[in-house]
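Observations on the model geometry
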Amino acid sequence: YCQGSAAMPPKGKGGPPPPNPVDAVADVVQKLKAVVIADLAGPLKELLAVVETPGGVEEIVRTADAILPPMASCLHGQVAGVLVDELTSVHIAAVEAAARLVHALVGLAPDSCGMVCSADFAGLFVSLLHPGPDADAEWKEAGEPSPRAEVARHACVAVAAIALLPEGCARVRHGAIPPLLEIMSLSNIHLAPLQTEAASALTCCAGSALGRIQLREAGIRPLLDLVVPPAAGEAPDITRLRARAVQVLGQCMYDAVLRGMCLEHGLMGSAVRLLCTRAPANSPSPEEVEAQAELDATIASLLAIAGRAPQGRTELLAAGAPAPLLRIVALEPVHAGAPPPNLPLLANTALAVAHLALLLPAAEALGTAAVRSLVSLLVPAPPAPLLPAQPQDWDAVRGNACAAIGALLQVDGALRCLLAAETEGVQALASLVVEAGVPPSLRAAATDVFGRVARSEEGRTAVMEVAGDAVGVLLARMQDPEAAASPEELESCLCSLAALAAHHSVRAMLRGETDGALDDPVASPAKPTAGGPETVESKPPPPLASLVQLLGAEAPPVRRGGGGGG
């Protein structure tokens, strides 16, 4: 909605010089004194220009007491109480500029949220959300959204920005959730842009546990009714609206009562059908492809969240979720004629597989085919169809793929598939354990799977044959606990070594025995050198000695097993 970049225009590229933040803000403060609605948009746009300059946000926050109250007072008096038929483009421009400024301030300077709420912007924007009793007809004029709908759309953006922060959510959720749900229930197709922003605001409000409790009382039926297969030739705006509705429902799945409502309504079946929808007969436009990709990624996220709970996993299996999930992790198009899955869809799908595989029948339905596909995702760089890609996005895919592989190891044949030479699964995991530059969370996930592989004799033997250097790295990390980036990484390292210690070579390494001692269990004592007495060399403490230090150190937090589902 607002880029909020603090970068200055590059030198030599032309354009006006950036304004001096102090002078520009001081000028705006003077203009806001006794300002009227017709003149409000201009000073607010000047402030938005200041936001884009270095130090601009800080200067606005410093003088917020002289900026925000007159803004709010003008909007309260000259927009909130205006009748629908009296709203003009002047009112729309003022509300839009105010919403953009609040969005930028709260996003770039979270501490300003208290100032925004103190100026009663929260109450202002909530008051602009309320649709009238005949909103379907009233908010449409000659096939275009009415000024009232445009004002409400900008108010939704501001409410979403405020609700992203705990303090702001506490201010807006109580008054915003009912009118936002009422907007979602409108059937006018021309209101799709408004409803999309309303769904985004609901997602932010539902991020709070108290917001989800309020959704229980208000009812989520308008959202559930949007999760249906699209009609032929559906506009991209409607597809994006469906995606935002699914986002809200994803937040609802964290609440036990709302989750029960969603599952009782058959949400999992509807979501899986949406993921299996065939592409239109005609070649879709780029905008349609982009909107569909957003919807697919959001549905995969919903399935991943639902899979955290046992009942959700059962419903996903009954809805036939394994089939589309298998296609996606195999990098096959989700729909006929569609492009390969993008990175957000792939990351969400891998996490959905990880959670769904906690249910044994579902893991068996996913089978070794899922293991082979997931191992292929552990490579350092994404395959060509997924380029260009940001490194952190690909790391998210690889981390979720590791979690999914670990969950699938309970299936008969999964371990053999992982250990097969053509799969190179152990080598791929070992590279994530050993290589420098791997993010700590990804390294911890790979180390955890490494330990699960080592729980069987077959797995331990394969690890020692093809990935012995990774075992040495794990021992080194155990001896230097401070080198671990997080308690989770150290914990996964210790768990892996505990499983590997069943191998005689690893036990010897833990005791600090040399290679010669490994080859000859009854090693002969060292002989004195000719012409001198026998000397005793001091040896470093064995790796096991570091466990004494760990037991005496402050205990790291215990990581709970996955799949509980709150």
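Parameters and conventions
Residues numbered from 1 in each chain as written. Predicted model: local features only at pLDDT ≥ 70, side-chain atom pairs only at ≥ 80, totals over all residues. Heavy atoms only, no water. Helix = DSSP H or I, 4+ residues; strand = E, 2+ residues; numbered from the N terminus. Buried < 20%, exposed > 50% of the residue type's maximum accessible area, 1.4 Å probe, protein only. Contact = heavy atoms within 4.5 Å. Areas by Shrake-Rupley, 256 points an atom, 1.4 Å probe, with all protein chains shown as cover. Axes fitted to C-alpha atoms, helices over the stretch in contact; angles between N-to-C directions. Parallel < 35°, antiparallel > 145°, perpendicular 65-115°, else oblique. Left-handed = near helix turned anticlockwise from the far one by under 90°. Nonpolar A, V, L, I, M, F, W, Y, C, P; charged D, E, K, R; others polar. Polar contact = N/O pair within 3.5 Å; in protein donor to acceptor, adjacent residues only side chain to side chain. Expected span 1.5 Å × (residues − 1). pLDDT = per-residue confidence, 0-100. Salt bridge = Lys/Arg side-chain N within 4 Å of Asp/Glu carboxyl O.

Digging into the overall build of the protein
Of the regular secondary structure elements, the protein holds 31 helices and two strands. Relative to its full complement of 566 residues, the protein shows a buried share of 48%. Look at the contacts in the protein between residues 6 or more apart in sequence, and 75% of them connect residues 24 or more apart. Working note: accessible area of the protein is about 26,100 Å², and carbon and sulfur atoms make up 56% of it.

Notes on the environment of G312
Within the fold, G312 resides in helix α18 (residues 310-318). For the pair formed by G312 and L263, sequence separation is 49 residues and the distance between their alpha carbons is 7.4 Å. Once residues within four sequence positions are removed from consideration, G312 is found in contact with L263 and A306.

Examining the environment of E458
Structurally, E458 is set in helix α26 (residues 457-466). The class of E458 is partly exposed, set by a relative accessible area of 43%. It is 8.6 Å that separates the C-alpha atoms of E458 and R416, two residues lying 42 residues apart in sequence. The residues contacting E458, other than those within four sequence positions of it, are L415, R416 and L419.

Points about the packing of helix α9 (residues 147-163) against helix α11 (residues 192-206)
Their axes nearest at 8 Å, the elements α9 and α11 cross at an angle of 20 degrees. With respect to their mutual orientation, α9 and α11 come out roughly parallel. Pair α9 / α11 crosses with left-handed handedness. Along its contact with α9, which presents A149, A152, R153, C156, V157, V159, A160 and A163, the element α11 presents P193, L194, E197, A198, S200, A201, C204 and C205. Along the lines of polarity and charge, the residues of the contact of α9 with α11 split into 13 nonpolar, one polar and two charged.

Observations regarding the side chain of Q195
Its place among the elements puts Q195 in helix α11. Residue classification places Q195 among the buried residues on the basis of a relative accessible area of 5%. Within the structure, Q195 has its side chain in polar contact with the backbone oxygen of L186 (distance 2.8 Å). The residues touching Q195, leaving out its near neighbours within four places in the chain, are I183, M184, S185, L186, N188 and L241.

Section: the packing of helix α4 (residues 64-80) against helix α5 (residues 89-108)
It is the contact of α4 with α5, at a shortest axis distance of 11 Å, that shows an interaxial angle of 145 degrees. Crossing hand, α4 versus α5: left-handed. Contacts between α4 and α5 involve L68, M71, L75, Q78 and V79 on the former and, on the latter, H91, A94, V95, A98, L101 and L105. Classifying every residue of the contact of α4 with α5 by side-chain character gives nine nonpolar, two polar and no charged.

A short note on α11
Between the first and last C-alpha of α11 there are 20 Å, a value that for 15 residues agrees with the 21 Å anticipated at 1.5 Å per step. For α11, the buried fraction is high: 13 of the 15 residues fall into the buried class.

Observations regarding the confidence of the model for the protein
On average, the protein scores 85 in pLDDT, and the residues at 70 or more come to 85%. Every residue in residues 1-13 is under pLDDT 50, and counting partners more than four places away or in other chains gives 22 contacts.

A closer look at the pattern of salt bridges
Tallied over the full model, the rule gives 14 salt bridges. Among the ionic pairs, E46 bridges to K31, the shortest N-O distance being 2.6 Å. Of this pair, E46 sits in helix α2 (residues 37-51) while K31 is found in helix α1 (residues 21-32), placing the two residues 15 residues apart along the sequence. Owing to a relative accessible area of 36%, K31 belongs among the partly exposed residues under this scheme.

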